[in-house]
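What the coordinates show
Listed below are the residues making up each chain.
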Amino acid sequence: MHLYTHPRSPWCRKVDWAFAEMGIAHSPTTPLETTLVPAEGDAMKEAVRAMKERCGAHATLPTLVDGDFVLSESSAIVFYMADARGHNSAFLPKAPKERARIMQWDRIGDITLGANVLSPWLRNTTFLGAGTRDEAVLAKARTTFEATEARLAEALGAHTFLASDSFTFADVGPAHILAMLARLDGPRAKHPAVERWLSACLDRPAYVTLANRLA
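Moving on, we get to the packing of aromatic side chains. In this structure the tally under the stated criterion is seven aromatic pairs. Centre to centre, the rings of Phe-69 and Tyr-80 are 5.0 Å apart; their planes meet at 45 degrees, and the pair counts as tilted. Placement of Phe-69 in strand 4 (residues 69-72) and of Tyr-80 in helix 3 (residues 74-84) is noted, with a sequence separation of eleven residues between them. For Phe-69, a relative accessible area of 33% gives the class partly exposed. A connected cluster of aromatic rings, assembled from ring pairs, spans Trp-17, Phe-79, Phe-91, Phe-161, Phe-167, Phe-169 and Tyr-207.

Printed below as a string of structure tokens:
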């Protein structure tokens with residue numbers, strides 16, 4: 001198996017964090033080779049070109065190659081690898097209701113926080129100069145963030161973590177996006193329950209190791 005990943009991609013970081021929690025990257029039975037695409041410049045373009053040549057024109061980062069099977073999209077990669085390795089734990093269980101609850105929060109992380117908050121924030125802060133960014137877009141992203149934080153706080157009123165009292169894959173997506181937004185001087189969690197939950201997520205050894213490696 002071979003994984004193409006990128007140090008600055010939030011979706012790649014999500015896969016890396018999930019794999020570390022499940023011990024997938026270190027499995028002695030099915031080794032996982034990794035190509036870390038350079039962060040920028042001509043080296044990045046060449047690495048992406050080589051990836052697409054091997055995996056197809058529509059391959060995006062991250063992409064997993066398992067023989068003649070090619071899979072993009074971070075969550076699909078995590079679920080596939082968990083099932084392929086027979087993984088079944090509190091982090092990513094096979095029980096239908098427990099897994100569905102985790103998948104629900106994963107989609108909230110990807111779409112509500114990722115596509116509707118993080119992506120527009122990146123486009124209008126990191127990729128555009130201060131004089132050209134669209135403040136209306138940033139205001140809309142902030143409103144979406146605040147509504148989502150209220151939903152997180154409601155869930156955390158019933159559980160220690162989003163899907164249960166144990167840390168699961170449900171927490172990975174939302175937590176790493178909130179961490180990235182904080183580094184980008186974006187919207188920050190203000191609700192005490194959300195702050196406690198985020199600190200607990202980011203204190204996990206798997207995340208600390210990943211953050212230090214990619215700093």
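Below, the discussion takes up the pairing of strand 3 (residues 63-66). Bridging between strand 1 (residues 2-5) and strand 3 involves three bridges; their strand directions are antiparallel. The residue of strand 3 that forms the bridge with Tyr-4 is Thr-63. Pairing geometry for strand 3 and strand 4, over four bridges, is antiparallel. Within strand 4, the residue paired with Asp-66 across the bridge is Phe-69. Connecting strand 3 to the next strand, strand 4, in antiparallel fashion are two residues, including Gly-67 with a positive phi near 65 degrees.

Quick look at the pattern of salt bridges now. Oppositely charged side chains can pair when the atoms bearing their charge come close. Scanning the entire structure with this criterion turns up nine salt bridges. The partner of Lys-94 in a salt bridge is Asp-83, with the nearest N and O atoms 3.3 Å apart. Of this pair, Lys-94 sits in the loop between helix 3 and helix 4 (96-125) while Asp-83 sits in helix 3; the two residues are eleven residues apart in sequence, bridging distant segments of the chain. Note on Lys-94: relative accessible area 40%, which makes it partly exposed. Assessed through its relative accessible area of 38%, Asp-83 is described here as partly exposed. When salt bridges that share partners are traced, they join Lys-14, Asp-106, Arg-107 and Asp-110 into one network.

Analysis parameters
- Residues numbered from 1 in each chain as written.
- Predicted model: local features only at pLDDT ≥ 70, side-chain atom pairs only at ≥ 80, totals over all residues.
- Heavy atoms only, no water.
- Phe/Tyr/Trp six-rings, centres within 6.5 Å; stacked < 30°, edge-to-face > 60°.
- Helix = DSSP H or I, 4+ residues; strand = E, 2+ residues; numbered from the N terminus.
- Buried < 20%, exposed > 50% of the residue type's maximum accessible area, 1.4 Å probe, protein only.
- Pairing = 2+ DSSP bridges.
- Salt bridge = Lys/Arg side-chain N within 4 Å of Asp/Glu carboxyl O.

Shape descriptors only; they carry no functional weight alone.
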